[in-house]
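The lines below spell out each chain.
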Amino acid sequence: MTVALTGLLALLLVAGFVALGVWQVQRLAWKRALIASVDARIHAPPIAAPAPAEWPSITAQASEYRRISAHGVYRFDRQTLVRASTARGSGYWVMTPFDTGRGFTILVNRGFVPPGWKTESGNRPAAVTGLLRITEPGGGFLRANDPATGRWYSRDVAAIARALRLDRTAPYFIDAQAAGGPDALPVGGMTVVSFPNNHLVYAITWFALALMTAGGYMLFLREERRLRTAGGGAG
(Lines give C-alpha, C1' and ligand atoms only; values in the text may rest on other atoms or scores of the structure.)
Protein backbone atom coordinates (compact mmCIF):
# COMPACT_ATOMS: atom_id res chain seq x y z
CA MET A 1 0.00 0.00 0.00
CA THR A 2 2.85 2.37 0.86
CA VAL A 3 4.51 1.69 -2.49
CA ALA A 4 1.27 2.40 -4.36
CA LEU A 5 0.62 5.69 -2.51
CA THR A 6 4.21 6.77 -2.96
CA GLY A 7 4.00 5.92 -6.66
CA LEU A 8 0.78 7.93 -7.04
CA LEU A 9 2.31 10.91 -5.26
CA ALA A 10 5.45 10.69 -7.41
CA LEU A 11 3.33 10.49 -10.57
CA LEU A 12 1.33 13.56 -9.58
CA LEU A 13 4.49 15.50 -8.77
CA VAL A 14 6.19 14.53 -12.02
CA ALA A 15 3.08 15.45 -14.03
CA GLY A 16 2.82 18.78 -12.23
CA PHE A 17 6.50 19.64 -12.73
CA VAL A 18 6.37 18.68 -16.41
CA ALA A 19 3.22 20.80 -16.91
CA LEU A 20 4.93 23.78 -15.30
CA GLY A 21 8.00 23.23 -17.48
CA VAL A 22 5.90 23.11 -20.65
CA TRP A 23 4.10 26.29 -19.55
CA GLN A 24 7.43 28.06 -19.11
CA VAL A 25 8.52 26.93 -22.59
CA GLN A 26 5.33 28.45 -23.98
CA ARG A 27 5.98 31.65 -22.00
CA LEU A 28 9.52 31.71 -23.40
CA ALA A 29 8.19 31.65 -26.96
CA TRP A 30 5.68 34.42 -26.11
CA LYS A 31 8.36 36.59 -24.46
CA ARG A 32 10.75 36.22 -27.39
CA ALA A 33 7.99 37.19 -29.81
CA LEU A 34 7.13 40.21 -27.64
CA ILE A 35 10.76 41.36 -27.51
CA ALA A 36 11.11 41.01 -31.27
CA SER A 37 7.86 42.93 -31.84
CA VAL A 38 8.86 45.78 -29.52
CA ASP A 39 12.33 45.97 -31.05
CA ALA A 40 10.76 46.29 -34.51
CA ARG A 41 8.47 49.11 -33.30
CA ILE A 42 11.30 51.04 -31.68
CA HIS A 43 13.44 50.99 -34.83
CA ALA A 44 10.61 51.57 -37.33
CA PRO A 45 10.08 54.99 -38.96
CA PRO A 46 7.71 57.17 -36.89
CA ILE A 47 4.04 57.34 -37.80
CA ALA A 48 1.49 60.04 -37.01
CA ALA A 49 0.30 60.09 -33.41
CA PRO A 50 -2.95 58.06 -33.20
CA ALA A 51 -6.08 60.19 -33.51
CA PRO A 52 -9.30 59.67 -31.52
CA ALA A 53 -10.69 57.15 -34.02
CA GLU A 54 -7.71 54.88 -33.26
CA TRP A 55 -7.74 55.21 -29.47
CA PRO A 56 -10.01 52.21 -28.76
CA SER A 57 -7.51 49.88 -30.46
CA ILE A 58 -4.48 51.08 -28.48
CA THR A 59 -3.18 48.39 -26.10
CA ALA A 60 0.09 47.76 -24.33
CA GLN A 61 0.73 44.56 -26.27
CA ALA A 62 -0.02 45.99 -29.71
CA SER A 63 0.98 49.65 -29.41
CA GLU A 64 3.47 50.43 -26.67
CA TYR A 65 6.94 51.62 -27.78
CA ARG A 66 5.70 52.40 -31.29
CA ARG A 67 7.55 55.41 -32.68
CA ILE A 68 5.16 58.28 -33.33
CA SER A 69 5.41 61.97 -34.16
CA ALA A 70 3.20 65.05 -34.02
CA HIS A 71 3.25 68.75 -34.81
CA GLY A 72 1.60 71.33 -32.62
CA VAL A 73 2.13 73.65 -29.69
CA TYR A 74 3.62 72.89 -26.27
CA ARG A 75 1.54 74.39 -23.47
CA PHE A 76 4.16 75.17 -20.87
CA ASP A 77 1.58 77.01 -18.79
CA ARG A 78 -0.05 73.69 -17.89
CA GLN A 79 2.84 71.25 -17.58
CA THR A 80 3.34 69.20 -14.45
CA LEU A 81 6.17 67.27 -12.84
CA VAL A 82 6.09 63.57 -11.98
CA ARG A 83 8.53 61.98 -9.55
CA ALA A 84 11.26 59.97 -11.28
CA SER A 85 14.15 57.73 -10.28
CA THR A 86 16.64 57.30 -13.11
CA ALA A 87 20.26 56.54 -13.91
CA ARG A 88 20.85 60.27 -13.43
CA GLY A 89 19.40 60.15 -9.93
CA SER A 90 16.11 61.29 -8.45
CA GLY A 91 14.15 64.10 -10.02
CA TYR A 92 11.09 64.58 -12.19
CA TRP A 93 9.59 63.77 -15.55
CA VAL A 94 8.30 66.91 -17.27
CA MET A 95 4.80 66.15 -18.57
CA THR A 96 3.75 68.88 -20.99
CA PRO A 97 0.41 69.12 -22.83
CA PHE A 98 0.88 69.20 -26.60
CA ASP A 99 -1.94 70.72 -28.65
CA THR A 100 -1.86 68.89 -31.97
CA GLY A 101 -4.20 71.24 -33.80
CA ARG A 102 -6.16 68.13 -34.80
CA GLY A 103 -8.80 68.44 -32.12
CA PHE A 104 -6.98 66.61 -29.35
CA THR A 105 -4.12 66.99 -26.90
CA ILE A 106 -1.26 64.61 -26.10
CA LEU A 107 0.71 64.59 -22.89
CA VAL A 108 4.42 64.51 -23.73
CA ASN A 109 7.09 63.36 -21.32
CA ARG A 110 9.79 65.77 -22.48
CA GLY A 111 12.35 64.12 -20.25
CA PHE A 112 14.11 64.17 -16.90
CA VAL A 113 15.01 67.22 -14.81
CA PRO A 114 16.74 67.39 -11.41
CA PRO A 115 15.10 68.92 -8.33
CA GLY A 116 15.07 72.71 -8.44
CA TRP A 117 14.56 72.93 -12.20
CA LYS A 118 12.63 76.06 -13.17
CA THR A 119 9.63 75.44 -15.38
CA GLU A 120 9.18 77.42 -18.58
CA SER A 121 6.34 79.80 -19.27
CA GLY A 122 4.26 80.57 -22.33
CA ASN A 123 3.66 78.25 -25.27
CA ARG A 124 5.85 77.15 -28.19
CA PRO A 125 5.18 75.58 -31.60
CA ALA A 126 7.18 72.40 -32.00
CA ALA A 127 7.43 68.95 -33.49
CA VAL A 128 7.83 65.93 -31.26
CA THR A 129 8.96 62.39 -32.00
CA GLY A 130 9.16 59.64 -29.45
CA LEU A 131 7.74 56.39 -28.16
CA LEU A 132 4.07 55.78 -27.47
CA ARG A 133 3.63 54.82 -23.84
CA ILE A 134 0.60 53.47 -22.01
CA THR A 135 -0.85 55.42 -19.10
CA GLU A 136 0.30 54.52 -15.57
CA PRO A 137 -2.81 54.84 -13.39
CA GLY A 138 -2.80 55.02 -9.61
CA GLY A 139 0.66 56.01 -8.49
CA GLY A 140 4.17 54.73 -7.94
CA PHE A 141 6.98 54.47 -5.41
CA LEU A 142 4.36 52.82 -3.15
CA ARG A 143 2.54 56.16 -3.03
CA ALA A 144 -0.73 57.25 -4.60
CA ASN A 145 -0.97 60.30 -6.82
CA ASP A 146 -2.37 63.36 -5.06
CA PRO A 147 -3.84 65.67 -7.72
CA ALA A 148 -5.14 68.14 -5.14
CA THR A 149 -1.61 69.01 -4.03
CA GLY A 150 0.08 68.41 -7.38
CA ARG A 151 2.10 65.44 -6.15
CA TRP A 152 2.47 62.88 -8.92
CA TYR A 153 4.26 59.54 -8.65
CA SER A 154 3.15 58.00 -11.95
CA ARG A 155 2.26 59.23 -15.40
CA ASP A 156 -1.49 58.76 -15.06
CA VAL A 157 -2.74 60.40 -18.25
CA ALA A 158 -6.42 60.61 -17.35
CA ALA A 159 -5.79 61.97 -13.84
CA ILE A 160 -3.25 64.54 -15.02
CA ALA A 161 -5.56 65.66 -17.83
CA ARG A 162 -8.41 66.16 -15.35
CA ALA A 163 -6.18 68.09 -12.94
CA LEU A 164 -4.94 70.36 -15.76
CA ARG A 165 -8.46 70.72 -17.22
CA LEU A 166 -7.40 69.45 -20.62
CA ASP A 167 -9.99 68.58 -23.23
CA ARG A 168 -9.97 65.46 -25.40
CA THR A 169 -6.64 64.10 -24.24
CA ALA A 170 -5.14 60.98 -25.83
CA PRO A 171 -5.15 57.88 -23.57
CA TYR A 172 -1.42 57.48 -24.10
CA PHE A 173 1.60 59.74 -23.67
CA ILE A 174 4.79 60.23 -25.66
CA ASP A 175 8.27 59.65 -24.29
CA ALA A 176 10.11 62.29 -26.33
CA GLN A 177 13.43 61.37 -27.89
CA ALA A 178 16.58 63.23 -26.93
CA ALA A 179 16.83 66.77 -28.26
CA GLY A 180 19.40 69.51 -27.89
CA GLY A 181 22.89 69.19 -26.43
CA PRO A 182 24.04 66.78 -23.70
CA ASP A 183 23.42 69.41 -21.02
CA ALA A 184 20.01 70.51 -22.29
CA LEU A 185 17.05 70.10 -19.95
CA PRO A 186 14.75 68.24 -19.91
CA VAL A 187 16.80 65.16 -20.84
CA GLY A 188 14.77 63.14 -23.32
CA GLY A 189 15.36 59.70 -24.75
CA MET A 190 15.65 58.00 -21.35
CA THR A 191 13.01 55.32 -21.90
CA VAL A 192 14.17 52.02 -20.42
CA VAL A 193 12.93 49.11 -22.51
CA SER A 194 13.63 45.91 -20.61
CA PHE A 195 11.73 42.63 -20.45
CA PRO A 196 13.05 40.10 -17.91
CA ASN A 197 13.30 36.75 -19.66
CA ASN A 198 14.04 33.97 -17.18
CA HIS A 199 11.57 31.47 -18.62
CA LEU A 200 14.25 29.11 -19.94
CA VAL A 201 15.82 28.88 -16.47
CA TYR A 202 12.40 28.27 -14.93
CA ALA A 203 11.60 25.57 -17.52
CA ILE A 204 14.90 23.77 -16.89
CA THR A 205 14.25 23.96 -13.14
CA TRP A 206 10.79 22.39 -13.41
CA PHE A 207 11.97 19.63 -15.77
CA ALA A 208 14.93 18.94 -13.46
CA LEU A 209 12.54 18.61 -10.50
CA ALA A 210 10.46 16.16 -12.54
CA LEU A 211 13.56 14.04 -13.28
CA MET A 212 14.69 14.20 -9.65
CA THR A 213 11.26 13.11 -8.46
CA ALA A 214 11.18 10.20 -10.92
CA GLY A 215 14.72 9.25 -9.97
CA GLY A 216 13.89 9.43 -6.28
CA TYR A 217 10.93 7.13 -6.77
CA MET A 218 13.10 4.62 -8.65
CA LEU A 219 15.58 4.60 -5.78
CA PHE A 220 12.68 4.12 -3.36
CA LEU A 221 11.46 1.08 -5.35
CA ARG A 222 14.95 -0.40 -5.48
CA GLU A 223 15.30 -0.01 -1.72
CA GLU A 224 11.88 -1.61 -1.18
CA ARG A 225 12.89 -4.61 -3.29
CA ARG A 226 16.16 -4.92 -1.42
CA LEU A 227 14.39 -4.87 1.94
CA ARG A 228 11.82 -7.44 0.77
CA THR A 229 14.51 -9.68 -0.61
CA ALA A 230 16.49 -9.38 2.60
CA GLY A 231 13.38 -10.08 4.66
CA GLY A 232 12.49 -13.14 2.55
CA GLY A 233 16.01 -14.50 2.84
CA ALA A 234 16.00 -14.07 6.60
CA GLY A 235 12.76 -16.10 6.85
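Residues numbered from 1 in each chain as written. Predicted model: local features only at pLDDT ≥ 70, side-chain atom pairs only at ≥ 80, totals over all residues. Heavy atoms only, no water.

A few words now on the overall build of the protein chain. Tallying secondary structure elements over the protein chain gives four helices and nine strands in all. Along the protein chain, helices (α) and strands (β) appear in the sequence α-β-α-β-β-β-β-β-β-β-α-β-α when read from the amino end. Over its C-alpha trace the protein chain gives a radius of gyration of 28 Å, far above what one expects of a compact globule, namely 18 Å for 235 residues. For the protein chain, buried positions account for 35% of its 235 residues. Summed over its atoms, the accessible surface of the protein chain is roughly 13500 Å², and 61% of this surface lies on carbon and sulfur atoms. Within the protein chain, one finds 25 positive and 14 negative side-chain charges whose respective centroids are separated by 4 Å. (Helix = DSSP H or I, 4+ residues; strand = E, 2+ residues; numbered from the N terminus. Rg over C-alpha atoms; globule rule 2.2 N^0.38 Å. Buried < 20%, exposed > 50% of the residue type's maximum accessible area, 1.4 Å probe, protein only. Areas by Shrake-Rupley, 256 points an atom, 1.4 Å probe, with all protein chains shown as cover. Lys, Arg positive; Asp, Glu negative; His and termini not counted. Charge placed at Lys NZ, Arg CZ, Asp CG, Glu CD.)

Looking now at a nonpolar patch on the surface. Taken together, Val18, Val22, Val25 and Phe207 make up a surface patch of nonpolar side chains, about 270 Å² in accessible area. For the nonpolar patch, the element with the highest residue contribution is helix α1 (residues 2–43), accounting for three residues. Structurally, the position occupied by Val25 is in helix α1. (Patch = residues over 30% accessible without salt bridge, like charges linked within 9 Å, V, L, I, M, F, W, Y side chains within 5 Å. Salt bridge = Lys/Arg side-chain N within 4 Å of Asp/Glu carboxyl O.)

Looking now at the pattern of salt bridges. In this structure the tally under the stated criterion is six salt bridges. Ionic pairing is found between Arg110 and Glu120, a salt bridge with its closest N-O pair at 2.7 Å. A residue pair is termed long-range when its members are at least 10 positions apart, and Arg110 in strand β5 (residues 105–113) and Glu120 in the loop between β5 and β6 (123–134) qualify at 10 residues. Here Glu120 falls in the partly exposed class, since its relative accessible area comes to 24%. Each of the salt bridges in this network shares a partner with another, and the network as a whole consists of Glu64, Arg133, Glu136, Arg155 and Asp175.

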